[in-house]
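Coordinates in review
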Amino acid sequence: MNPGPLGRRGFLRGATVGAAGAAAFGGFRLADAAGQDGSASGRVVPFEGVHQAGIVTPQQAAATFVSFQVVAPDREALRELFGTLTERVRLLTSGGPVPATDVASVPTDSGTLGPALPPDGLTVTVGVGASLFDDRYGLAARRPARLTKMPVFPDDHLAGSTEVHGDLSLQICADSRDTVMHALRDITRHTRAAIRPLWKADGFHAEPRPAGTARNQLGFMDGTGNPDVARPDVADALVWTRGGAGGEPAWTEGGSYQVVRIIRMLVEFWDRVSLREQETMIGRRRDSGAPLDGARESDTPDYPADPQGHVIPLDAHIRLANPRDRATADQRMLRRGYNYDRGLDAVGDLDVGLIFCCYQQDVARQFRAVQDRLAGEPLVDYIQPTGGGYFFALPGVRGASDRLGSGLLA
Amino acid sequence: MGEATPNPPSTAADPQRRPPPRLRLRARAGVLALVLAATAAGAGPAVAGHRVPGGRIGVDAAGCGSPPARGPAGPVSFRVTDRAPNFVAVYLTDPSGRKVYAEIPWIAPAGTQPLSTTLAAGRYTLRCVFSDGAVRVSHPMALSGRTTGAVAGYRPLPDLAMTAPVTAYRAWLKAALPRLAEGARALDADVARGDLAAARRDWLPAHLDYERLGAAYNSFGDFDAALDGTADGLPGAVHDPDWTGFHAIEYGLWHGRTAGALRPLTRRLVDDVRKLTADFPSEEIDPGDLPLRAHEILENALQFQLTGAADYGSGTTLATLGANVEGTAEVVSVLAPLIAPRDPALLRAIRGGLAQVTADLRPPRPDAARRARLDGDLGALLEQLSSVPDLLAPRTSA
């Protein structure tokens, strides 16, 4: 079946028709990346590790979230898909000169980043949805214990939405927008027969204005209460799933539950609301990000001192989301959202909002519990969740011979 | 390899032929496209940040330059200047000339162009083919050591090799035309006697008979616009009085037009098919178009049929896609003898992909899951088909 050395076209061919094993792809590496000279676009986020990059990685400026239906015909094709994803992500995140194109082929690369790919802080984080564990690939017994289809919450606007769920998710983040798009084009080109895109949402991460946590499009700092996941003990307690614990299959060790929610913000309406009302809905000062009972963003709200909610109402967003008590301490999650902007709606209002994304050890204990508590909060009149899904971000690739999904498909 | 009389570069399609509004073959600018590809892919010195074998090469009537006698395997990057009074094509080949690794399709006199690629260890030569017919070969260049990302070499295709496939393809088209005429007449007869239900039944087979020939659009010249044009590009869109052909009839049949209103269109269809058949012997098929068609029939099908954009009421675009797949299979079949010796894996992949898409299109009408599979499989097939034009670009005397 193998007619000799695999060129890059052979790579493409192998990836799409399964003519060649993924191991054969290993010989093809980019190297000597131009741009790895300390300039911004030379920033490399290591691909390999116990955990995937793009989770506790500090947020890059640009992101895209893409959900796919897996159309690979069988489990072997699924295995090849993960091999191809591993190779592409490894190459793209390393950067380096674009490989030469042979005379019989179309260009090996889209060229949108020029003749040498900048690493540009690129991360590609791969997740799987509950539907991948149906009867198609014989994976039912491997389903992460808490992975379900995303439920419809009471305040959701999901009826008729075409942007929900999926077998596989990619979170692609980089320091520049074009690097994100380049990575997506490269990945889809190499995986057409295996995954078919279902929906996609692009986001941008605002600069701190003027300092502290970045603001969302309601004008408020968003992410202030994030756990300090730079501390391994915090990340281990809140972000990383433990294989074998709580009914989790062993392979989930080092992975993380990912929730993506496309949340439209009705900014025209919001801008017609008094600052006082905005701040009591959120529970923080808009300008400083400080809790309403504090002075600085970093101040911890003192809820026991205000049991009736005179200063920070009991139904303020931050108070419901994180009551700051022992009982809910393990419900905290790592939020990693991006603002989105995608044009206008039917009446000429802006279609902007937040691609809410969070990572956690246990989606039921964390996101679900918080979401249930937020049901009916005053803020729901100004936001409309219109899409998204639950996914499980796979454990990391632990070496040159490992690949994404190796445990899942072992 | 045959007499070297390459034509000077022609980078535009025949301006006499107005491309039909929807099916637009890319201009037969293989020459230009390849130059751009070589430039974009070049791992030149500015990119890699260290010295790579290469440098300036001058070619003239006396020889095809002086590449270094030896060097490391890996990226090579030359800048080749034509010092002869003629155009020159430059190929980087193995010493036997059996495989081409890189090329500059044309350099104008006094012009300079890059020749860059990545080469495995081995012996290579530069081969110059001048437009006056002279062929010059440089002394060999020996590369040693290991590298990654080396390009594969491909057996060059002489111009004349395309003759047999074109002849076979013409014969296939010619044999298919009577059936198309029959289908058009049946449709016209239905409308003539006012039986629009029968017309709606007979429209699809006739349209598929045409779409199966999809590859032929350029060789059908302006007839394609008359026979199968969409309303795009017409000032009055679907109400434009100049809109004719299958889609205009489709629109009328599925939007309550009367038999009386449709009859001029079906009569015109019969007439246009008759004229096409009469004209066919004098229509040329550019040999270089055939490999492009192998790729682009299905690019068009993805763009207009898979998406449903070309549906004017009958809801049959997936059937049209199926006919386009059949048309592509025929083109691939006549090109197979040229593809097989150059890239057997490619031919296998294309045939597998055609079979897969055909299976995806089998009844019943696909549900969402099967539909996504079809989308993926067609995309994957196109990734394979996209190699055919470059693989079968003529490299006479390379």
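Cut-offs and rules
Residues numbered from 1 in each chain as written. Chains lettered and ligands numbered in written order. Predicted model: local features only at pLDDT ≥ 70, side-chain atom pairs only at ≥ 80, totals over all residues. Heavy atoms only, no water. Helix = DSSP H or I, 4+ residues; strand = E, 2+ residues; numbered from the N terminus. Buried < 20%, exposed > 50% of the residue type's maximum accessible area, 1.4 Å probe, protein only. Areas by Shrake-Rupley, 256 points an atom, 1.4 Å probe, with all protein chains shown as cover. Core = buried A, V, L, I, M, F, W, Y, C linked by side-chain atoms within 4.5 Å. Contact = heavy atoms within 4.5 Å. Polar contact = N/O pair within 3.5 Å; in protein donor to acceptor, adjacent residues only side chain to side chain. Expected span 1.5 Å × (residues − 1). UniProt positions renumbered as here; feature names shortened; annotations may be inferred. Axes fitted to C-alpha atoms, helices over the stretch in contact; angles between N-to-C directions. Parallel < 35°, antiparallel > 145°, perpendicular 65-115°, else oblique. Left-handed = near helix turned anticlockwise from the far one by under 90°. Nonpolar A, V, L, I, M, F, W, Y, C, P; charged D, E, K, R; others polar. Salt bridge = Lys/Arg side-chain N within 4 Å of Asp/Glu carboxyl O. Pairing = 2+ DSSP bridges. Disulfide = S-S within 2.5 Å. Lys, Arg positive; Asp, Glu negative; His and termini not counted.

When its secondary structure is counted, chain B shows 12 helices and 9 strands. Looking at chain B as a whole, 54% of its 398 residues qualify as buried. Total accessible area on chain B stands at roughly 16400 Å², and carbon and sulfur atoms take up 55% of it.

Now for the nonpolar core. A general tendency of soluble globular proteins is for nonpolar side chains to be buried together. With 76 residues, the main nonpolar core has Leu78, Phe82, Leu168 and Phe367 of chain A as its most contacted residues. The element best represented in this core is helix 2 (residues 75-94) of chain A, accounting for 7 residues. When sequence neighbours within four positions are dropped, the list of residues in contact with phenylalanine 82 of chain A reads Val126, Val128, Leu168, Leu394, Leu404, Leu408 and Leu409 of chain A. Val100, Ala206, Leu213 and Leu318 of chain B belong to the second largest nonpolar core, which has 74 residues in total.

This next bit is on the environment of glutamine 60 of chain A. Residue and element names in this part refer to chain A. By secondary structure assignment, the location of glutamine 60 is in the loop between helix 1 (8-17) and strand 1 (62-70). Taking the relative accessible area as the measure of exposure, glutamine 60 reaches 1% and is therefore buried. Once the C-alpha coordinates of glutamine 60 and aspartate 120 are considered, the two residues, 60 residues apart in sequence, prove to be 9.4 Å apart. Ignoring any residue separated from it by four or fewer positions in sequence, one finds glutamine 60 in contact with Arg43, Gly121, Leu122, Thr123, Cys173, Ala174, Asp175, His205, Arg336 and Tyr338. A polar atom in the side chain of glutamine 60 sits 2.8 Å from the backbone oxygen of glycine 121.

In this section: helix 3 (residues 177-190) of chain A. All names here are of chain A. Look at helix 3: 21 Å from first C-alpha to last across 14 residues, which is about the 20 Å you get at 1.5 Å a residue. Counting buried residues in helix 3 gives 10 out of 14 residues, a clear majority hidden from the surface. Every buried residue of helix 3 is listed here: Thr179, Val180, His182, Ala183, Leu184, Asp186, Ile187, Thr188, Arg189 and His190.

Under the local residue numbering, the UniProt record ascribes the feature "domain: Dyp-type peroxidase C-terminal" (unreviewed entry) to residues 213-397 of chain A. Taken end to end, residues 213-397 of chain A comprises 19% helix and 22% strand; its first and last C-alpha atoms sit 30 Å apart.

This part takes up helix 6 (residues 246-253) of chain B. Residues and elements named next belong to chain B. Most of helix 6 is tucked away: 8 of the 8 residues are buried. Within the span of helix 6, buried status applies to Phe246, His247, Ala248, Ile249, Glu250, Tyr251, Gly252 and Leu253. For helix 6, the elements touching its buried residues are helix 3 (163-192), helix 4 (196-211), helix 5 (223-228) and helix 7 (259-279).

Time to look at the packing of helix 4 of chain B against helix 6 of chain B. Residue and element names in this part refer to chain B. With their axes 11 Å apart at the nearest point, helix 4 and helix 6 run at an angle of 155° to one another. When the interaxial angle is binned, helix 4 and helix 6 end up roughly antiparallel. In the packing of helix 4 onto helix 6, the handedness of the crossing is left-handed. Listed contacts from helix 6 to Leu196, Ala199, Arg200, Trp203, Ala206, His207, Tyr210 and Glu211 of helix 4 are Phe246, His247, Ile249, Glu250 and Leu253. Class assignment of the residues belonging to the contact of helix 4 with helix 6 gives a composition of 8 nonpolar, 2 polar and 3 charged.

What follows covers the pattern of salt bridges. All names here are of chain A. Summed over all chains, the structure comprises 36 salt bridges over all chains. For aspartate 202, the salt bridge is made with arginine 177, and the minimal N-O distance between the two is 3.8 Å. Within this pair, whereas aspartate 202 is found in strand 6 (residues 195-204), its partner arginine 177 is found in helix 3, the two being separated by 25 residues in sequence. On the basis of relative accessible area, aspartate 202 is assigned to the partly exposed category, the value being 32%.

As a further point, take the sheet that holds strand 1 (residues 54-59) of chain B. Strands pair in a sheet through their backbones, by hydrogen bonds, and they do so in one of two ways: parallel or antiparallel. Residues and elements named next belong to chain B. Here we have 3 strands laid out as an open sheet, ordered 1-3-6, and mixed in their pairing. Of all the strands in the sheet, the pair left with one neighbour each is strand 1 and strand 6 (112-119). This sheet shows a mean twist of 25° between the axes of neighbouring strands, independent of strand direction. Sheet analysis places strand 1 next to strand 3 (residues 74-82), joined by 6 bridges and oriented parallel. Paired with glycine 55 across the strands is phenylalanine 78, a residue of strand 3.

Evaluated as defined, the whole model comprises 1 disulfide over all chains. Covalent S-S linkage joins cysteine 64 of chain B and cysteine 128 of chain B, the inter-sulfur distance amounting to 2.0 Å. Disulfide cysteine 64 of chain B-cysteine 128 of chain B: torsion about the S-S bond near 75°, hence right-handed. On the criterion of sequence distance, the pair formed by cysteine 64 of chain B in the loop between strand 1 and strand 2 (70-72) and cysteine 128 of chain B in strand 7 (residues 122-130) is long-range, its members being 64 residues apart. With no disulfide of its own, cysteine 173 of chain A lies 7.8 Å from the sulfur of cysteine 357 of chain A, the closest cysteine sulfur. Taking the relative accessible area as the measure of exposure, cysteine 173 of chain A reaches 0% and is therefore buried. Between cysteine 358 of chain A, a cysteine without a disulfide, and cysteine 357 of chain A, which holds the nearest cysteine sulfur, the sulfur-to-sulfur distance is 6.6 Å. Cysteine 358 of chain A gets classed as buried once you look at its relative accessible area, which sits at 0%.

In this section: the packing of helix 8 (residues 289-306) of chain B against helix 9 (residues 317-339) of chain B. Each packed pair of helices is defined by two parameters, the angle between the axes and the distance between the axes. Residue and element names in this part refer to chain B. Taken N-terminus to C-terminus, the directions of helix 8 and helix 9 make an angle of 170°; their axes are 9 Å apart at the nearest point. Classed by the angle they form, the pair helix 8 and helix 9 counts as roughly antiparallel. The segment helix 8 lies against helix 9, with Leu290, Pro291, Ala294, Ile297, Leu298, Ala301, Phe304, Gln305 and Leu306 engaging Thr317, Leu318, Thr320, Leu321, Asn324, Val325, Gly327, Thr328, Val331, Val332, Val334 and Leu335. Looking at the contact of helix 8 with helix 9 residue by residue, the classes come out as 15 nonpolar, 6 polar and no charged.

Bringing the UniProt feature "domain: Dyp-type peroxidase N-terminal" (unreviewed entry) in chain A into the picture now. According to UniProt, the positions carrying the feature "domain: Dyp-type peroxidase N-terminal" (unreviewed entry) are residues 52-204 of chain A. Helix and strand shares over residues 52-204 of chain A are 22% and 24% respectively, and the end C-alpha atoms of the span are 21 Å apart.

A few words on the side chain of aspartate 402 of chain A. Residue and element names in this part refer to chain A. Mapped onto the elements of the fold, aspartate 402 is located in the segment after strand 11 (383-393). No salt bridge is formed by the buried aspartate 402. Its closest oppositely charged neighbour is arginine 398, at 5.0 Å. Here arginine 398 takes part through its backbone nitrogen, which lies 2.8 Å from a polar atom of the side chain of aspartate 402. Among the polar contacts made by the side chain of aspartate 402, one reaches the side chain of serine 406 at a distance of 2.6 Å. Those residues in contact with aspartate 402 that lie beyond four places of it in its chain are Thr86, Arg90, Gly396 and Val397.

The next point concerns the pairing of strand 11 of chain A. Residues and elements named next belong to chain A. By the criterion of burial, strand 11 is predominantly enclosed, with 10 of the 11 residues buried. Both strand 7 (residues 256-265) and strand 11 contribute to a ladder of 10 bridges, which runs antiparallel. Pairing of valine 260 across the sheet is with glycine 389, part of strand 11.

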